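Notes for the structure review
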Amino acid sequence: LDALSDRAYVGTLNWALRRPRTVVAIAVLALLGAGALFPLIGVSLFPKAGKPQFLVSIETPEGSNLDYTDRATQTVEGVLRERPEVKTVAANVGRDNPRVYYNVIPRRERANVAQVLVETYDPNQVEPLVAGLRSQFAAMAGVDVDFEVFENGPPVEAPIAVKVLGPDLATLDRLASEVEAILDGTEGTENVTNPLAQPKTALAVRIDRNKAGLLGVPIAEVDRTVLAAMHGLPLGTFRAREGEDYDIVVRLPLTGPDGQPRRPALGDFDRIAVASMHGGAVPLRQVATLEFEPVPTRIDHVDLARAVTVTSDVDVTGGYNEIAVTLDGFQQLDALALPPGYRVVYGGKLEAQQESFSS
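**Some points on the overall build of the chain**
When you go through the chain residue by residue, the secondary structure sums to 10 helices and 15 strands. Here the C-alpha radius of gyration of the chain, 30 Å, is well above what a compact globule of 359 residues would show, namely 21 Å. In terms of overall dimensions, the chain has a C-alpha envelope of 105 × 50 × 45 Å along the principal axes. Contacts in the chain between residues at least 24 apart in sequence constitute 71% of all its contacts with a sequence separation of at least 6. In the chain, which carries 34 positive and 47 negative side-chain charges, the distance between the mean positions of the two groups comes to 3 Å.

**Some words on the packing of aromatic side chains**
Per the stated rule, a full pass over the model turns up 5 aromatic pairs. Arranged with centres 6.1 Å apart and planes meeting at 35°, the rings of F137 and F147 form a pair that is tilted. Taken together, the residues F137 in helix α4 (residues 126–137) and F147 in strand β4 (residues 144–149) connect sequence positions 10 residues apart.

**A few points about helix α10 (residues 349–358)**
For an α-helix the count is 3.6 residues per turn, leaving residues at separations of three or four pointing the same way. Of the positions making up α10, those classed as buried are K349, L350, A352 and Q353. On an axial view of α10, the arc spanned by its buried residues comes to 160°, and they lie on one face. Contact partners of the buried residues in α10: α9 (322–333) and β15 (343–348).

**Points about unusual backbone geometry**
The phi torsion at N191 lies on the positive side, around 55°, for a residue other than glycine. On the secondary structure map, N191 appears in strand β6 (residues 189–193). Judged by relative accessible area, N191 falls into the partly exposed class, the value being 31%. Backbone geometry places L304, a non-glycine residue, at a positive phi of 70°. Within the element layout of this structure, L304 appears in the loop between β13 (300–302) and β14 (305–314). The class for L304 is exposed, based on a relative accessible area of 86%.

**Looking at the pairing of strand β1 (residues 53–59)**
Moving residue by residue along a regular strand, the side chains alternate between the two faces of the sheet. Counting buried positions along β1 yields 5 of 7 residues, so the element is predominantly enclosed. In this sheet, strand β3 (residues 113–120) lies alongside β1 in antiparallel orientation, the contact comprising 7 bridges. Residue pairing in the sheet places F54 in a bridge with V118 of β3. As paired elements, β1 and β4 share 6 bridges and run antiparallel to each other.

**Points about the pattern of salt bridges**
Overall, the coordinates contain 20 salt bridges when judged by the stated rule. As a salt-bridge pair, E77 and R81 come within 3.2 Å of each other at their nearest N and O atoms. Pair noted here: E77 and R81 are both in helix α3 (residues 66–82), with a separation of 4 residues, about one helical turn. The buried category is assigned to E77, whose relative accessible area is 14%. Under the relative-accessibility criterion, R81 is labelled exposed at 54%.

**Here's the deal with the packing of α3 against α4**
α4 packs onto α3 with a crossing angle of 140° between their chain directions and a minimal axis gap of 12 Å. When the axis of α3 is compared with that of α4, the two are oblique. Read as a crossing pair, α3 and α4 show a hand that is right-handed. Residues V76, V79 and L80 of α3 lie in contact with α4, whose contacting residues are L133, Q136 and F137. Partitioned by chemical class, the residues of the contact of α3 with α4 number 5 nonpolar, 1 polar and no charged.

Here is what the cut-offs are and how they apply
- Residues numbered from 1 in each chain as written.
- Predicted model: local features only at pLDDT ≥ 70, side-chain atom pairs only at ≥ 80, totals over all residues.
- Heavy atoms only, no water.
- Helix = DSSP H or I, 4+ residues; strand = E, 2+ residues; numbered from the N terminus.
- Rg over C-alpha atoms; globule rule 2.2 N^0.38 Å.
- Contact = heavy atoms within 4.5 Å.
- Lys, Arg positive; Asp, Glu negative; His and termini not counted.
- Charge placed at Lys NZ, Arg CZ, Asp CG, Glu CD.
- Phe/Tyr/Trp six-rings, centres within 6.5 Å; stacked < 30°, edge-to-face > 60°.
- Buried < 20%, exposed > 50% of the residue type's maximum accessible area, 1.4 Å probe, protein only.
- Arc of directions from axis to C-beta.
- Pairing = 2+ DSSP bridges.
- Salt bridge = Lys/Arg side-chain N within 4 Å of Asp/Glu carboxyl O.
- Axes fitted to C-alpha atoms, helices over the stretch in contact; angles between N-to-C directions.
- Parallel < 35°, antiparallel > 145°, perpendicular 65-115°, else oblique.
- Left-handed = near helix turned anticlockwise from the far one by under 90°.
- Nonpolar A, V, L, I, M, F, W, Y, C, P; charged D, E, K, R; others polar.

What follows is the structure, encoded as structure tokens:
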């Protein structure tokens, strides 16, 4: 080290001090050359974590029970265990795994979600393994399987996120479908997700206000009676001798022929009678009709406005740069015709990168 310091370093330093203009010119050229490489190499602010782990998120159709989700999870686990790169797997059904990485936030508990934490023998095996599994699970019918490789940086919902804001749900549904189609057609995107694409079916109780008024049935009483019959209505609390408190809930006796509890059925509505102001009981079917209708699985809000967020991943294992693909997709979305009162907000990793750069 002394020889390197006394000869090479001191000699180079003396040469540089005797030629200040040359040194500054070299520095400027190096800076310009580095800037010229940006369009060729691309930018990725948040690098991979380099851990021998990744997450597999599973989502079955809305309304699926835990048994169906568990069977789908076991199928995914079976495929994972067959891969020689996989060391261990750990699954949770009905909820995500505990927070195993600082910027991965678990989803809320639902019967149609599950998550598998996969550990490999080597960090370098993660991305090739995920690339192969993506194509393998793409054909899995009725189940949405997504992969998440740990990265550094702030928590983001997806590499590409497009929020469509506006007042009317039907218009938001149409615009979200157009955004989904644009992102799906952008080269380098994968796993494009539109939360409004698969609405769930709800049973709507349509109250005939004229009939209800003639029979003396308050509208609020219809709501309360249906809620009590189907879901149960707490009336009070019972305290046992050991000090435990139990809710007293009134509801229809939903039991099968064998006396075992069963789930509510459509025919149970024929057993509901609503109290009228005249002191009698009016069958629910006389003042209301039952209809099935599609409803969104969730309604988000951004800046106090209704919003739907369309997300997409980027095929980085295929050599695509996240920022370049994001800008390409956003450029195409700029041509989207928006009705008055509607706007598009771009999020994802580009938004996080811009906030970090500004800081």
